[in-house]
Amino acid sequence: FDVLFGKSKQYRQHPGTMRCQLLVEMHWEEYDRKGKAERGLIAEKIVNTVHESGGRFLKWDGNCTTGGWKEVDDKAAREKVTHCFRGVRARKQKSQKEVNMSAPKRGIDIDKGTETDTSGSTASLSTKEVSDASLFSKRMRAAGIDNDAESLET
């Protein structure tokens, strides 16, 4: 399966490129746990898998006499694979950030004497807990740290 270099959707959706991306995703957990040297070996392993299945890493070259596609060397192929790994990392980080952004916040409302947990449930605070939260809020303001005394998020 041939892996095509390029930024267009047509190249990304090529069956060989998609199969290479699947190999990258299958090795993601291992890749993410390793150091730089071991990551290079994982990328090399994927390049070898592509080559062993009869695939090539191809880059468009309008001057090439072989129909416009030119096979790249192993170094460029490894760089392509490591670029795919970086893409997986970016997608996972973006996904995690979206999950974190949609998670409910935990907060204390001193005036109401309530606390909201991460599920959105509200519970009454004891007099001591309200006093402690109020004292904490005052200390934050005294230290020059801006916060909302009405609803202190933790």
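Before reading further, recall that the structure is shown in the block above.
Novice: I keep staring at the overall build of the protein and nothing clicks. Help me out?
Specialist: When helices and strands are counted, the protein shows six helices and seven strands. Overall, the protein shows an N-to-C arrangement of helices and strands of β-α-α-α-α-β-β-α-β-β-β-α-β. Taking all 154 residues of the protein together, the buried fraction comes to 29%. The long-range fraction of contacts in the protein, counting pairs at least 24 apart against all pairs at least 6 apart in sequence, stands at 47%. When the accessible area of the protein is evaluated, it comes to approximately 10,600 Å², of which 51% is carbon and sulfur surface.

Novice: Can you walk me through the packing of aromatic side chains in this structure?
Specialist: The way to describe two aromatic rings as a pair is by their centre distance and the angle between their planes. Applying the stated criterion across every chain yields a total of four aromatic pairs. Aromatic pair Y11 and W69: ring centres 5.5 Å apart, planes at 75°, arrangement edge-to-face. Of this pair, Y11 sits in helix 1 (residues 9–12) while W69 sits in strand 3 (residues 69–71), placing them 58 residues apart in sequence. We classify Y11 as buried; its relative accessible area is 18%. You can call W69 partly exposed: its relative accessible area is 24%. Members of the aromatic cluster, joined through ring pairs, are Y11, W60 and W69.

Novice: I'm lost on the state of the cysteines in this one. Help?
Specialist: Here a disulfide denotes a covalent bond joining the sulfur atom of one cysteine to the sulfur atom of another. Scanning the entire structure with this criterion turns up zero disulfides. Not engaged in a disulfide, the cysteine C20 finds its nearest cysteine sulfur in C84; these two sulfurs lie 5.1 Å apart. Looking at C20, the relative accessible area reads 0%, which means it is buried. Its relative accessible area of 11% is what places C84 among the buried residues.

Scoring rules and cut-offs
- Residues numbered from 1 in each chain as written.
- Predicted model: local features only at pLDDT ≥ 70, side-chain atom pairs only at ≥ 80, totals over all residues.
- Heavy atoms only, no water.
- Helix = DSSP H or I, 4+ residues; strand = E, 2+ residues; numbered from the N terminus.
- Buried < 20%, exposed > 50% of the residue type's maximum accessible area, 1.4 Å probe, protein only.
- Contact = heavy atoms within 4.5 Å.
- Areas by Shrake-Rupley, 256 points an atom, 1.4 Å probe, with all protein chains shown as cover.
- Phe/Tyr/Trp six-rings, centres within 6.5 Å; stacked < 30°, edge-to-face > 60°.
- Disulfide = S-S within 2.5 Å.

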